[in-house]
Amino acid sequence: MSLGEEQQIMNTTSSTFIPKYTSMDQINQNFNLLYFLDRKTEHLRTLISDYMSVPGTPLNIKKRVILLSWMQDFCATNGFKRDTFHSASILVDVYMSKVKVIDMNKYQLLGATAMLIAMKNEEVEFLPIDHFSSSTAGACSSEDIRDFEKQMIKTLSWKVQYPNLAYWANLITKEWDTFVLDNPNLRDSFHLFRNDAQLGYSLFKNLFLFLDVMTLDYIHLKYNEKKLCLSLCYLLLGLSLQCFSLDNILHGLSNIQPNGSFYTFNTVFNFFIKLRFNLELDDLRNEIEYSVLFFDIYYDYNESHFAARAETEEERLQLQTKNKHFIESIKKVWDRREAINENPFQPN
């Protein structure tokens with residue numbers, strides 16, 4: 001969108017939808033945090049490599065999916081937070097990018113150790129290491145995990161915390177909800193991610209459903225995590241506000257017939273990401289094109305028994321959920337990408 005077009009929309013859109021700026025102190029604090037997170041994310045990008053293409057590697061995309069699916073089930077079964085699963089999945093990819101090749105007999109050991117390290121970083125209560133070893137059905141012992149933890153931390157130079165998809169999603173959704181609630185002109189017209197009265201938290205649940213499946217897709221690693229989360233938020237909000245349909249999304253938003261609500265939503269969302277993240281909608285073009293592939297997956301909210309023990313709704317939302325259609329969903333994404341001839345890494 002050009003500056004002239006944006007100004008025209010701002011002039012023609014009802015002023016009741018134009019939000020007010022927050023205080024400069026809030027803006028400065030926000031940008032200081034984002035600068036730190038962006039630097040950490042940029043560093044992560046330098047660490048991730050296409051380790052699947054290393055000649056002679058026994059790894060392939062399907063084996064990675066099987067490992068991460070097992071890790072997601074373990075995290076949900078044991079009441080871990082979403083951050084723990086997503087942090088562990090990043091550790092798997094960063095470690096593999098470092099070592100390039102691994103004995104497949106140690107691949108599940110890598111997953112178990114990554115979850116152990118992530119648990120220590122993210123959780124308040126720790127599981128005994130025996131829980132991790134027993135979950136491997138004898139594939140590795142507690143001593144194996146202890147030894148591999150030392151090796152893994154040394155290989156990663158003790159750098160075991162990075163902004164992951166779950167972290168960015170929580171930050172962005174909190175920023176959006178605050179943005180809407182702080183502007184009276186928006187409260188009655190725009191949905192929140194953490195508001196039961198409106199959509200039963202479905203926006204938040206769907207966001208993490210997509211992010212969990214997206215984590216399985218090896219190709220997501222070449223995209224910026226912040227932009228991926230912003231793109232999914234844009235698509236979910238636009239869909240919930242009926243600015244475009246699911247059919248529009250599945251066609252890559254190429255068949256939209258823009259109307260007043262579409263222009264208003266784009267203007268407000270563009271204002272939001274400019275104010276909070278110093279981005280424009282056009283900056284999300286590649287991530288939006290990628291994210292639309294995930295809107296035809298199987299929906300499943302299978303919470304663990306730990307959800308019933310949560311004292312607050314926010315605590316419940318942060319618990320990792322199970323998805324019995326996890327692998328089937330990523331296969332649908334692969335099929336869609338293959339159908340539109342956009343599969344740079346064909347599953348083996």
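This one's a predicted model, so the numbers in the text were calculated from it and none came from an experiment.

Check the secondary structure of the protein and you find 17 helices and zero strands. Split into buried and exposed, the 348 residues of the protein put 53% on the buried side. For the protein, contacts bridging at least 24 residues in sequence account for 77% of all contacts bridging at least 6. When the accessible surface of the protein is totalled, it reaches about 16000 Å², and 50% of it is carbon and sulfur.

Once that is clear, we can look at the pattern of salt bridges. Inspection of the entire model under this criterion finds ten salt bridges. Notably, a salt bridge pairs Arg285 with Asp282, separated by 2.4 Å at the nearest N-O pair. On the basis of relative accessible area, Arg285 is assigned to the partly exposed category, the value being 48%. Given a relative accessible area of 42%, Asp282 falls into the partly exposed group. Here Lys332 ties to Asp296 by a salt bridge, and the two come within 3.8 Å at their closest N and O atoms. Here Asp296 lies in the loop between α15 (285-291) and α16 (313-317) and Lys332 lies in helix α17 (residues 326-339), a separation of 36 residues in the sequence. Lys332 gets classed as partly exposed once you look at its relative accessible area, which sits at 25%.

Counting residues in hydrophobic clusters, the biggest one holds 112 residues, and the most contacted among them are Trp176, Tyr234 and Phe269. Not counting chain neighbours up to four residues away, the residues in contact with Phe269 comprise Trp176, Leu230, Cys233, Tyr234, Leu237, Leu281 and Leu284.

Along the chain, Arg337 falls in helix α17. Judged by its relative accessible area of 2%, Arg337 falls in the buried class. In terms of polar contacts, Arg337 uses its side chain to reach the side chain of Asp217, at 2.9 Å.

This paragraph deals with the state of the cysteines. Scanning the entire structure with this criterion turns up zero disulfides. Cys229 takes part in no disulfide bond, and the closest cysteine sulfur, belonging to Cys233, lies 6.7 Å away.

Another aspect to go through is helix α8 (residues 165-181). Across its 17 residues, α8 extends 24 Å between first and last C-alpha, which sits within 8% of the 24 Å expected from 1.5 Å per residue. Judged by how many residues are buried, α8 sits mostly within the fold: 13 of 17 residues are covered.

So, on to unusual backbone geometry. You will see that Lys100, though not glycine, has its phi angle at about 70 degrees, which is positive. Within the element layout of this structure, Lys100 appears in the loop between α4 (82-99) and α5 (107-122). The class for Lys100 is partly exposed, based on a relative accessible area of 31%. Positive phi outside glycine occurs at Trp158, with the angle close to 65 degrees. Residue position: Trp158 is located in the loop between α7 (142-155) and α8.

Our focus in this paragraph is the packing of helix α11 (residues 202-216) against α17. Two packed helices can be described by the angle between their axes and the distance between those axes. Closest axis-to-axis distance for the α11/α17 pair is 9 Å, and the angle between their directions is 75 degrees. Overall, the two elements α11 and α17 adopt an arrangement that is roughly perpendicular. Residues Asp212, Val213 and Leu216 of α11 form the contact with α17, whose participating residues are Phe326, Ser329 and Ile330. Grouping the constituent residues of the contact of α11 with α17 by class yields four nonpolar, one polar and one charged.

This paragraph deals with the packing of aromatic side chains. Counting across every chain of the model gives 25 aromatic pairs. Judged by centre distance (4.9 Å) and plane angle (40 degrees), the rings of Phe204 and Phe208 are tilted. Linking Phe204 with Phe208, this pair stays in helix α11, spanning four residues, or about one helical turn. Owing to a relative accessible area of 0%, Phe204 belongs among the buried residues under this scheme. An aromatic cluster is built from Trp176, Phe179, Phe190, Tyr234, Phe244, Phe262, Tyr263, Phe265, Phe269, Phe271, Phe272 and Phe277, whose rings are joined through pairwise contacts.

Let us look at the confidence of the model for the protein. When pLDDT is averaged across the protein, the result is 84; 84% of the residues are at 70 or more. Every residue in residues 1-18 scores below 50 in pLDDT, and together they form 20 contacts with partners more than four places removed in sequence or on other chains. For the stretch residues 343-348, pLDDT sits under 50, and the model shows 18 contacts to residues farther than four places along the chain or on other chains.

Attention shifts here to the environment of His86. Topologically, His86 is positioned in helix α4. As a C-alpha pair, His86 and Met71 span 15 residues in sequence and 9.7 Å in three-dimensional space. Discounting chain neighbours no more than four positions away, the residues touching His86 are Asn164, Leu165, Ala166, Leu211, Asp212, Thr215 and Gln320.

It is worth spelling out the environment of Leu109 at this point. Position of Leu109 among the secondary structure elements: in helix α5. Assessed through its relative accessible area of 8%, Leu109 is described here as buried. Taking the C-alpha atoms as reference, Leu109 lies 8.5 Å from Ser133; in sequence the two are 24 residues apart.

Let us now look at the packing of α4 against α11. It is the contact of α4 with α11, at a shortest axis distance of 11 Å, that shows an interaxial angle of 20 degrees. By the angle between their axes, α4 is roughly parallel relative to α11. Where α4 crosses over α11, the handedness of that crossing is left-handed. Between α4 and α11, the residues in contact are Arg82, Phe85, His86 and Ser89 and Phe204, Phe208, Leu211, Asp212 and Thr215, respectively.

Thresholds, definitions, all that
- Residues numbered from 1 in each chain as written.
- Predicted model: local features only at pLDDT ≥ 70, side-chain atom pairs only at ≥ 80, totals over all residues.
- Heavy atoms only, no water.
- Helix = DSSP H or I, 4+ residues; strand = E, 2+ residues; numbered from the N terminus.
- Buried < 20%, exposed > 50% of the residue type's maximum accessible area, 1.4 Å probe, protein only.
- Contact = heavy atoms within 4.5 Å.
- Areas by Shrake-Rupley, 256 points an atom, 1.4 Å probe, with all protein chains shown as cover.
- Salt bridge = Lys/Arg side-chain N within 4 Å of Asp/Glu carboxyl O.
- Core = buried A, V, L, I, M, F, W, Y, C linked by side-chain atoms within 4.5 Å.
- Polar contact = N/O pair within 3.5 Å; in protein donor to acceptor, adjacent residues only side chain to side chain.
- Disulfide = S-S within 2.5 Å.
- Expected span 1.5 Å × (residues − 1).
- Axes fitted to C-alpha atoms, helices over the stretch in contact; angles between N-to-C directions.
- Parallel < 35°, antiparallel > 145°, perpendicular 65-115°, else oblique.
- Nonpolar A, V, L, I, M, F, W, Y, C, P; charged D, E, K, R; others polar.
- Phe/Tyr/Trp six-rings, centres within 6.5 Å; stacked < 30°, edge-to-face > 60°.
- pLDDT = per-residue confidence, 0-100.
- Left-handed = near helix turned anticlockwise from the far one by under 90°.

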